[in-house]
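# What the coordinates show
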Amino acid sequence: MACRISELIIKCRDPQRLAAFWCEVLDFVVLDTDDGAVEIGPREGFGGLQPTLVFVPAAEPDAGRPRLHFDVNATDRDQDAELERLLKLGARPADVGQTGQESWHVLTDPEGNEFCLLRTRLS
């Protein structure tokens, strides 16, 4: 038997705001709030195939580039339409040294955490 990721913990200045952003991006819901932290996940709750995300309050993010970032794929539209939706939600383009030939877009969430929008549409 192997392990699988059940939760991802993200330190941030504004857990409510970041949770709301990622709920919209991933079609997740708030599952729990405790001591300023906000846990979001799929509608069926904790323990399913997708990990939950727990946004934990922190005065300042850790220095340096993050070692972990999300990759997301559109599920019901093409990449261009999803990019437009993410930008309207508050994502911003990020330059991490891309050549412009990549099949993905590098973005940041409202607190500057990097994530990538991949081209493949998932069902």
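Let us look at the structure shown here. (Residues numbered from 1 in each chain as written. Predicted model: local features only at pLDDT ≥ 70, side-chain atom pairs only at ≥ 80, totals over all residues. Heavy atoms only, no water.)

### Considerations on the overall build of the chain
Note the following rule: Numbering of helices and strands starts at the N terminus; helices are DSSP runs of H or I of at least 4 residues and strands are runs of E of at least 2. Throughout, radius of gyration means the C-alpha value; the globule benchmark is 2.2 Å times the number of residues raised to the power 0.38. When accessible area is computed with a 1.4 Å probe and restricted to protein chains, residues below 20% of their type maximum are described as buried, those above 50% as exposed, and intermediate ones as partly exposed. What makes two residues a contact is simply this: any of their non-hydrogen atoms within 4.5 Å.
Per the secondary structure count, the chain includes 2 helices and 8 strands. Secondary structure of the chain in N-to-C order comes out as β-α-β-β-β-β-α-β-β-β. Taken against the 2.2 N^0.38 rule, which gives 14 Å for 123 residues, the C-alpha radius of gyration of the chain at 15 Å falls within 12% of a compact globule. A principal-axis box enclosing the C-alpha atoms of the chain has dimensions of 40 × 35 × 35 Å. Burial analysis of the chain (123 residues in total) assigns 35% to the buried set. In the chain, once contacts between residues fewer than 6 apart in sequence are set aside, the share between residues at least 24 apart is 53%.

### Section: unusual backbone geometry
Even without a glycine there, the phi angle at aspartate 27 is positive, about 60°. Note that aspartate 27 resides in the loop between helix H1 (15-26) and strand E2 (29-34). A positive phi angle is found at aspartate 35, which is not glycine, with a value near 50°. Aspartate 35 sits in the exposed class, given a relative accessible area of 73%.

### Describing the nonpolar core
Put simply, the rule reads: Side-chain atoms within 4.5 Å are what join buried Ala, Val, Leu, Ile, Met, Phe, Trp, Tyr and Cys residues into a set we call a nonpolar core.
Core analysis: the biggest nonpolar cluster contains 22 residues, and Trp22, Ile40, Leu53, Phe55 and Phe115 have the highest contact counts within it. Of all the secondary-structure elements, those providing two or more residues to this core are strand E1 (7-12), H1, strand E3 (37-41), strand E4 (52-57), strand E5 (70-73), helix H2 (79-89) and strand E8 (114-118). With 6 residues, H1 is the single largest residue contributor to this core.

### Some words on the sheet that holds E3
Sheets are built from strands paired through backbone hydrogen bonds, the pairs being either parallel or antiparallel. Here is the rule: Pairing between two strands is assigned when DSSP locates at least 2 bridges connecting them. Comment: axis = line fitted to C-alpha atoms, over the contacting stretch for helices; angle = value between 0 and 180 degrees taken between N-to-C directions.
Strand order across the open sheet formed by 4 strands is E1-E4-E3-E2, with mixed pairing between neighbours. Two strands lie at the open edges of the sheet, namely E1 and E2, each paired on one side alone. Shown here is a sheet whose adjacent strand axes are inclined to one another by a mean of 20°, direction ignored. Sheet analysis places E1 next to E4, joined by 6 bridges and oriented parallel. Note on E4: the bridge partner recorded for isoleucine 9 is valine 54. Sitting on the sheet, H1 is in contact with E1, E2, E3 and E4, with an inclination near 160° to E4.

### Details of H2
Keep this limit in mind: The reported arc concerns the directions from the helix axis to the C-beta atoms and nothing else. Polar contacts here mean pairs of N or O atoms no more than 3.5 Å apart (in protein, one a potential hydrogen donor and the other a potential acceptor; neighbouring residues in sequence count only if both atoms are side-chain atoms).
When we look at burial in H2, the residues that qualify are Gln79, Glu82, Leu83, Arg85 and Leu86. Looking straight down H2, one finds its buried side chains confined to an arc of 165°; they lie on one side. Exposed residues on H2 whose side chains face more than 90 degrees from its buried face are Asp80 and Lys88. Buried positions along H2 lie against H1, strand E7 (105-108) and E8. Its side-chain oxygen at 3.3 Å from the backbone nitrogen of aspartate 80, aspartate 78 defines the N-terminal cap of H2. Just past H2, the residue glycine 90 takes up positive phi, approximately 120°.

### Considering the pairing of E3
Buried residues dominate E3, accounting for 5 of its 5 residues. On E3, burial covers both faces: Ala37, Glu39 and Gly41 on one face and Val38 and Ile40 on the other are all buried. As paired elements, E2 and E3 share 5 bridges and run antiparallel to each other. Across the sheet, the residue bridging to threonine 33 is valine 38, located in E3. Counted along the chain from E2 to the antiparallel partner E3, the turn is 2 residues long, and its residue aspartate 35 has a positive phi close to 50°.

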